[in-house]
Amino acid sequence: MTITIGLPSKGRMKEDSSAIFERAGLKITAVGNDRSYRGRVEGEDIEIAFLSASEISREIGNGTVDFGVTGEDLIREGLADADAKVEIAARLGFGHADVVVAVPQIWLDVDSMADLGDVAADFRARHGRRLAIATKYWRMTQQFFSRQHGIQLYRIVESLGATEGAPAAGQADIIVDITSTGSTLTANHLKVLNDGVILRSEACLVRARKVEHQGNPLVAKIIGAVREIL
Ligand SMILES: Nc1ncnc2c1ncn2[C@@H]1O[C@H](COP(=O)(O)OP(=O)(O)OP(=O)(O)O)[C@@H](O)[C@H]1O
Ligand SMILES: O=P(O)(O)OC[C@H]1O[C@H](OP(=O)(O)OP(=O)(O)O)[C@H](O)[C@@H]1O
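Residues numbered from 1 in each chain as written. Chains lettered and ligands numbered in written order. Predicted model: local features only at pLDDT ≥ 70, side-chain atom pairs only at ≥ 80, totals over all residues. Heavy atoms only, no water.

Outline the site of ligand 1, listing residues and values.
In the neighbourhood of ligand 1, 15 residues make up the surrounding shell, with K10, R12, S54, D73 and S180 lying closest. At a separation of 2.6 Å, an oxygen atom of ligand 1 approaches a polar side-chain atom of D73. Burial of ligand 1 by the surrounding chains reaches 70%, relative to a free accessible area of 640 Å². Taken together, the elements giving at least two residues each to the shell around ligand 1 come down to helix 2 (53-61) and helix 3 (72-78). Here the shell around ligand 1 is composed, by residue class, of 5 nonpolar, 7 polar and 3 charged. Looking at the shell around ligand 1, you find at least three residues from each of domain 1 (3-95 + 202-228) and domain 2 (97-200). (Near = heavy atom within 4 Å. Polar contact = N/O pair within 3.5 Å; in protein donor to acceptor, adjacent residues only side chain to side chain. Areas by Shrake-Rupley, 256 points an atom, 1.4 Å probe, with all protein chains shown as cover. Helix = DSSP H or I, 4+ residues; strand = E, 2+ residues; numbered from the N terminus. Nonpolar A, V, L, I, M, F, W, Y, C, P; charged D, E, K, R; others polar. Domains from an automatic or database assignment.)

Here it is in structure tokens:
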């Protein structure tokens, strides 16, 4: 059985992902010319599909690829019931970023999710509408606010980019977004709530849970080889 691995074809995870496999002794060669989105691992029955980090999460979820390297945030956001569909086989130590709840710095008496719950509860009475949260992480936001913190009175405003600018632009009151150095949040006068880290994400080797993987020596070899160099 040929094993297919999805690796980032572009973006911030591209170089480190391919390098991990090389270091693990799985040397990737492109099939066709340099612009090809298919590759192979030399000497093994392994195909490489070069895809974007978000496509990789989707393709592992539906089992089109057996393994992939992508951010845990994209797995948890992209897939309902992620743990049933995929296994995080290894955390790779790059692509670190936190998915966080951030509010305007001028909200001086809001430092925690409990404080934010109080704000949300009387937001409509004060402002005539629900608290608006700008994010592209709507699944994680709903889980964190509704299930973990019992906050039900809010509205999600889908943001596809420049999310940190949404409060100043009047599109939303607060945001849920990814941060690494924190400089974009600071530049936009936002602060992370002290218990507002939803997920500490990093690049992961992720496996689609498939019955045919059980007892497959190549599957075990890939996981073993990657874990060994971490
Ligand atoms: N500073 C950062 N900002 C955004 N994402 C980051 C950052 N640091 C690490 N990441 C991680 O990188 C991954 C996204 O990478 P990238 O933006 O290259 O993906 P992509 O799917 O190709 O993006 P797009 O399709 O939006 O161009 C996510 O898993 C995210 O957690
Ligand atoms: O905490 P920081 O180090 O400031 O990083 C966080 C920012 O970096 C990313 O945007 P980027 O400009 O890379 O573009 P993208 O949204 O297209 O990935 C991300 O969406 C945040 O806006």
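Explain the pattern of salt bridges residue by residue, including any values.
By the definition in use, this model includes 15 salt bridges. Its salt-bridge partner being D83, residue R76 comes within 3.2 Å of it at the nearest N-O pair. Judged by relative accessible area, R76 falls into the partly exposed class, the value being 23%. Overlapping salt bridges bring together R38, R40, D45 and E47 as one network. (Salt bridge = Lys/Arg side-chain N within 4 Å of Asp/Glu carboxyl O. Buried < 20%, exposed > 50% of the residue type's maximum accessible area, 1.4 Å probe, protein only.)

Break down the sheet that holds strand 7 (residues 97-104) for me, citing the residues and quoting the values.
Across a sheet, paired strands are connected by hydrogen bonds in the backbone, their directions being either parallel or antiparallel. If you walk across this open sheet you meet the 5 strands as 9-8-10-7-11, and the pairing is mixed. Edge positions in the sheet fall to strand 9 (154-158) and strand 11 (190-201), since each has one partner strand and no second. Each strand axis lies, on average, 25 degrees off the axis of its neighbour in the sheet, ignoring direction. In the sheet, strand 7 pairs with strand 11 via 7 bridges, with the strands oriented antiparallel. Note that in strand 11 the partner of V99 across the bridge is L199. Of the strands in this sheet, strand 7, strand 8 (131-135), strand 9, strand 10 (174-179) and strand 11 are in contact with helix 7 (residues 138-148), which crosses strand 9 at around 165 degrees. (Pairing = 2+ DSSP bridges. Axes fitted to C-alpha atoms, helices over the stretch in contact; angles between N-to-C directions. Contact = heavy atoms within 4.5 Å.)

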